[in-house]
Amino acid sequence: MDYNNQDVIIARATPIGSSAIAIIRLSGTNLIPLIKSSVNIKNISPNKAYVVNIKRYNDKQIIDKCVLIYYKSPKSYTGEDIVEISCHGGEGIVSTILTNFIEQGVRPAHPGEFSYRAVQNKKLDILQAEAIAEKINKKSLGYGLGLNKIESGETSKQLNNIKNEIQHIMMIIEHELDFNEEEITHLGYKNIEKKLLIIFNKLKISLNYSKILKKNISGYKVAILGRPNAGKSTLFNNIMGDDRAIVTQIKGTTRDVLEAQLLIKGVPFVFYDTAGIRPTKNKIEKIGIIKALDAANQSDILFVVDAKDPESGLKGSINLKPYENKKIVYIKNKQDSILKPKARLKNFNYYIDLSAKNNIGIEELFTILLTLVDDKNCEFDPPDLIACNARQVNLLEQGKDIISDILENIKNEIEMDIIASQCREFIDVTEELLGKVTTNEVLNGIFKGFCVGK
Amino acid sequence: MVFLRVFVSENNSIVVIGGGHAGIEAALAISKKGLSCTLISLNKNSIGRLSCNPAIGGLAKGHLVKEIDALGGVMGKIADKATIQNKILNQSKGRAVWSPRSQVDKIKYTKYVQTLISNDKNISVVEDEILNLIIKNKSIKGITLKDKGAFYCSSLIVAGGTFSDGLIHIGSKKFKGGRIGEKHAFGLTSNLKKIGFSIGRLKTGTPPRIHTNSVDWSKLEVAEGQKEPMPFSMYSNETFVPKNIPCYLAYTNIKTHDIIKKNIKLSAMFSGQISGAGPRYCPSVEDKVVRFADKDRHQLFLEPEWEGANQIYINGFATSLPEEVQLSALQAVKGLEKVELIRPGYAIEYDYFPSYQLKSSLETKLINNLYFAGQINGTSGYEEAAAQGLLAGINAANKFLKKPCLKLSRASSYIGVMIDDLITKNINEPYRMFTSRSENRLSLRADTAHDRLSPVAIKNNMLNKNEILVFKLYQTNCATLLNYFSTTKIVFNNKKETLIQLIKRPDFNVRACTNDVRKYLKKFTNIEVFNVETSIKYLGYEKRELERNKKLKKMELFNIPVKLNYRKITNLSNESREKLQIVMPETLGQAGRIDGVRQSDLAVLSIYLTTNFSRETLQP
C-alpha cells in the first residue's frame, strides 16, 4: 500500500453496521468544489455545522439529510482540508454517499491513512500517532491515563527536553575536544554526572510506569487452572456474568482455552479458562493440557482451583515450580455451606474459599485481584514521559542503558571522546523515538495497524 | 621543470590551475598514476607557499594530514621534513581526538615542494594566467591563457584558492589581490559564472607579522614541543627528529581591548565594508573582544615562520584594523612594547563556488572533466585544500584511465566526511574540519588512517613499491604485536590476565609492566605499539559505530539515477523538491543529509525510484 500520495481520500469513521448516525470523512487539498457538486451550499465556513441535503452528483437525487462540518487546512486532524459528513446510519445510505464521491475520483482510504497524513503534515508525531493507534486498537482494553500524555504531545515535549539537555552536554564536550582555546567554559565530570543522574531517574520512573500502562492497555492476564471438574468453567462463567464456557458433569469438558476480557473497577483483566490437568493418554486432552500450561506461562496471575485442597491438588500432575514467581490465588471451590468467604494471605499467596456455582465469594475474589495488580484502580498519576508500545519501551530502555553506561564511564574517568560518542548514540535513540529517523517500513507498519477512517 | 614553448593541441593531458596545497597534491597524484600533467601558476616561485600560519596539522587537521599520507599524498612527508617543532594536541582527552601539529619552516617547506615538482618528469609548470575555459558539449576541451593563448586538455582541475577576484582589506583601505604583494586572477570567476556556476563570497583573515628583534622574549612564556615527536607520514618514521624550536605565549590585556574597541568602526569586518561571511571558529581579534566581552585576556601564540626567522606570526591576532591601530594594540601587550610590524594583518574577500555543484568525485555536475578543489569550494585551511586536491587528482586520472572513480564514504575517513558535507550542507562560512563533524569519531582516529586508507591507495595505484613495502611491514608487525598481546598473560593486581584484557583498563600501561614485555616491545616502533594499544582500547566502540553504519548502509547503496527530474515527482513537498533539484544527490543516503529535505519525502523518493527504475539502475 502506498501511503505517499496526495489523493483525496474517503472513509467511514464509524464501524460497519446499522447505527443511528454514521460519520464519513474526506481529506485532501481543495475539497470545497468537490463538496459543492453534491451539496447545495454557497459559502462554507470552517468549523461550523451545516444541515444539508446530499445529492448524487450526476442525477441530483437527494441521498440523505446530513450534518456537514468543514475543517480548513492546516487546522484539521490531517493538516489538509477535511469534510466530515454525519448521515443516517443505514448501510444503503452510507455506501451510496461513499460511492457518490468515489465515482468522482476520490479514493477509499487505507487503514490509518488519515493519521499518516497528520504525521506527514507534522500535526502529530510518531509517538502521538502510536498513542492514537493504541486507543482505537480493538485489542486495547483499559483507557490508560498515560495514553493521553502521549497523545497530547506532553511525552514528546519531555523527550525533546531530555534530548536538548544531552545535546547541550555534548556541545560543551565537543567544544572542549575541537577547540583548544581558553574562551571555553568547561563542564566538569561532576556537573555532567549530576545532570545525567536526573535524566536517568526520569527514564527509570518512566519505564516503570510504562509497564503499568502496558498492562492497562493489554489487560492483566489471569489463567484459571485446576484438576478436571474442579469448577473452573463455572468460576469463569460467574466472573464474566455470562455462560461462556460449557459446563457439564463430564470430566474434561473444556478442551480449548477460552478467553474473555473484563474491566474490574477500571482495571482491565483477561481471563483464561483452561482444560483440567491430570495424567492422561488421550491425545486431544493432552493438547488441551499443553495449551493450559501455555496460558499459565503467559499470565500474570494464576487461579488454582480445587474442591478439596487447591495447594496440593495439582502437585501430582504438573510441576508448579516454573510458576513460582507468578502471583497465585488458591481457590477452594464448592464450599457451598459457607456463609462468609474467608481470604487469607500466606507466603505472598492468597487463599480463598468460595462457591462459584452459588456466586459466593466472587466479590472477595475481585478485591484480591485488585490488590495483586500494581495500579490498584487505575488512578495512578502517570509521568509526562511514558511509553505505550513495545517499540517505545524498547527504545526508552536503550536510552536508559546508554545513560547508565555514561555514568559508569564517568565514574571510571573514561575520556571525553567516548562520552561524547555515547551522548550522540542517546540522541539517535531519542530521534528514532520521535520518528525523526524512521524508515518507511517502520512507518507503514505502524499505520497498517490502524483501522480505516482514522 | 619543463617549460613548454610550443602549445600544440595536447588533447590528452590534464591541467591543474594553481600551485597551492590543492594544486600540488592534484598534480603529484596524476603523475604518480603515470599520467602527464601541466600545472599553471601565476608565479612559479610561489608554488607550495604557506600563505597563513607556519604550521601543518592541529585539531582534526592532523587527522586529515595522516589520511592524505595514507592515500599517497605528499603533505605529511613535506611537513615532516620541514618541521621545527612537533606537538600532539588534546593529550588530556581521549586518543580519538589526539591530533599532531607541526610548526614548519615556511622557506624549507616551499623549497621541498618546488624541488619535488621540478624533479617530477610528468609535471610541466607554466607561468601564466587563465582567462577562459574552452567547453564543447558540456565537456572541458581546454583553456585560454593570457600570454600563451589556447591550450587544450582532456580534464581540468581548478584549484585557484583566494586568487579568484580576491579583495584585501586593511582598515578602510582595500585593493585587489590573492595574497598581499602577489598577482591575482580576474577572468576565471566571471567566466565560470557565464557557464552557469553559481558563486558566493567568503572572507578570511591573517594576523600581522612582526620583527623578531622587536620582541622582549624574556617577558613571554615558552611553549616547547613534544618530547617524543609523532610524524605525520608513515614513511618518515626513522628520519623524524625535529629540532624542537620553541614558540612563545603572550596575552592581550584590557588596554589592548580598549584600543580595539575604540577603533572597532575602522575594522573592515565591522564597518560593513566586507560582505562575505567569515569563519566563526577562527575569529578575528576584534571579533573575540566583542563576542567575549567578559574575558580580560586572550592568548597569543608567537610562531617563528622559519628556523632563525626574523619574522614572527602572531597566532590569535587575525585582524582587518588599520595598520596603526594594530600596532598600538599590540604594543599594549607585555613583551611587545616595542614591537615593529613587517606586514599588517588583513582580511581577504574571495569568490567561491557553492560546493553542491560538485559530485563526490569533485567533478562538477555541470561540465564533464572539470574538477574543483580547495578554497574555491568554500573550505579554509591547508589540510582541507590538500585533501581535496589529492582526491580531485586521483579522480581526474582515474577517469582518464577509464577506471572507477574513488568515492570516500563518511564512515571511511574525514576526507569522506568533508566531501559529503560539502555536497549536502549549506556552506555559508569557510568550512574547516572538526572531529565532531564525523559520526564515527572513535573509529576515524589519526592512528587508524593508514589501516583505513592505504589499501584504498594501493588499489588506486597511489603508493609506490617502497611505500607498499613499508605499509605491509607495518601491518605484519601490528598483527604480530596483537597476537602477542592476546596470548601473553601477566599478573596484575594479584590476578593473571592477558595483556589484551589489561590494556583495556585505563590504569594499565603496557610500557611500564614486566621486564619481559618491555623487552619484547623494543622490537617494534613506538608508533606500532601505540597504534595496536589504541586499537585494543577502542575496539568495543569501533564495533558499535560499525553496527550503526550497517543500518545506514542500505540508504548509502541506494543509487539515484543522474539527472532525475524531481519536478516530475509531484508527491514531494515543495521545499524538499527544490533542494533535491538543486543538489541532485547521488544516493538516497546523501539525499537524507541535505539540509531541509524531510524524512517523509525520502520515503516518497524511494517509492518513486523503485517503481520507475530497474533494480540495476538503483544498485551501485
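All values derive from a computational prediction rather than experimental measurement.

Caption draft 1: Molecular detail of the sheet that holds strand E1 (residues 9-12) of chain A. Residues and elements named next belong to chain A. Strand order in the open sheet formed by six strands is E3-E4-E5-E2-E1-E6, and the pairing between neighbours is mixed. A strand with exactly one partner marks an edge of an open sheet, and here the two such strands are strand E3 (49-55) and strand E6 (107-108). Both strand E4 (residues 62-71) and strand E5 (residues 81-88) contribute to a ladder of five bridges, which runs antiparallel. In the sheet register, Tyr 70 faces E5, and the bridge partner there is Val 83.

Caption draft 2: Inspection of the pairing of E4(A) at higher detail. Residue and element names in this part refer to chain A. Relative to E4, E3 is paired through seven bridges, and the arrangement is antiparallel. When the sheet's bridge partners are listed, Lys 55 is paired in E4 with Ile 62. In sequence, E3 turns back onto E4 through a hairpin of six residues, with Lys 60 there showing a positive phi of about 60 degrees.

Caption draft 3: Looking closely at the domain arrangement of chain A. For chain A, the assigned domains are domain 1 (9-125), domain 2 (145-215 + 383-448) and domain 3 (220-372). Placing the centre of domain 1 of chain A and that of domain 3 of chain A at their C-alpha centroids yields a distance of 49 Å.

Caption draft 4: Layout of the nonpolar core. Of all hydrophobic cores here, the largest spans 193 residues; its most connected members are Val16(B), Ala26(B), Ala27(B), Leu156(B), Ile157(B) and Tyr371(B). Residue contacts for Ala26(B): discarding those within four places in its chain leaves Val16(B), Ile157(B), Ala159(B), Ala373(B), Gly389(B), Leu390(B), Ala392(B) and Gly393(B). Grouped together as the second largest cluster of nonpolar side chains are 38 residues, Leu235(A), Val305(A), Leu354(A) and Val373(A) included.

Caption draft 5: Main features of the pairing of strand E16 (residues 247-251) of chain B. All names here are of chain B. Across three bridges, the pairing between strand E15 (residues 221-223) and E16 is antiparallel. Paired with Glu 221 across the bridge in E16 is Leu 249. In the sheet, E16 pairs with strand E17 (residues 299-304) via four bridges, with the strands oriented antiparallel. Its bridge partner lying in E17, Leu 249 is registered against Phe 301.

Caption draft 6: Expanded view of the sheet that holds strand E8 (residues 139-145) of chain B. Residue and element names in this part refer to chain B. What the three strands build is an open sheet, ordered E7-E8-E9; its pairing is antiparallel. The open sheet is flanked by strand E7 (130-136) and strand E9 (149-152), the only strands paired with a single partner. Adjacent strand axes in the sheet meet at a mean angle of 30 degrees when their direction is disregarded. Relative to E9, E8 runs antiparallel, the two being bridged by four bridges. For Gly 142, the partnering residue across the bridge sits in E9 and is Tyr 152.

Caption draft 7: Region of the structure containing unusual backbone geometry. Residue Ser73(A) is joined to Pro74(A) through a cis peptide bond whose omega torsion reads 5 degrees. Mapped onto the elements, Pro74(A) comes out in the loop between E4 and E5. Located in the positive-phi region is Asn369(B), a residue other than glycine, with phi close to 65 degrees. Topologically, Asn369(B) is positioned in the loop between strand E20 (346-352) and strand E21 (370-372). Residues other than glycine seldom take positive phi values, yet Asn493(B) does so here, at roughly 50 degrees. Mapping Asn493(B) onto the fold places it in the loop between strand E22 (489-492) and strand E23 (495-498). With 9 C-beta atoms packed within 10 Å, Asn493(B) lands in the exposed category.

Caption draft 8: Main features of the environment of Val304(A). All names here are of chain A. As for its position among the elements, Val 304 is in strand E10 (residues 301-306). Between the C-alpha atom of Val 304 and that of Gly 28, which follows or precedes it by 276 residues, the distance is 56 Å. With near-sequence residues (within four places) excluded, Val 304 lies in contact with Leu 225, Gly 226, Pro 310, Leu 314, Ile 328, Tyr 330 and Ile 331.

Caption draft 9: Focus on the interface of chain B and chain A. Tallying the contact residues gives 27 residues for chain B and 26 residues for chain A. Top contributing element to the side of chain B that touches chain A by residue count: helix H18 (residues 599-612) of chain B, with six residues. Tallied by class, residues from the side of chain B that touches chain A come to 14 nonpolar, nine polar and four charged.

Conventions adopted
Residues numbered from 1 in each chain as written. Chains lettered and ligands numbered in written order. Predicted model: local features only at pLDDT ≥ 70, side-chain atom pairs only at ≥ 80, totals over all residues. Pairing = 2+ DSSP bridges. Helix = DSSP H or I, 4+ residues; strand = E, 2+ residues; numbered from the N terminus. Domains from an automatic or database assignment. Core = buried A, V, L, I, M, F, W, Y, C linked by C-beta atoms within 7 Å. Buried ≥ 20, exposed ≤ 12 C-beta atoms within 10 Å, placed from the backbone. Contact = placed C-beta atoms within 7 Å. Axes fitted to C-alpha atoms, helices over the stretch in contact; angles between N-to-C directions. Nonpolar A, V, L, I, M, F, W, Y, C, P; charged D, E, K, R; others polar.

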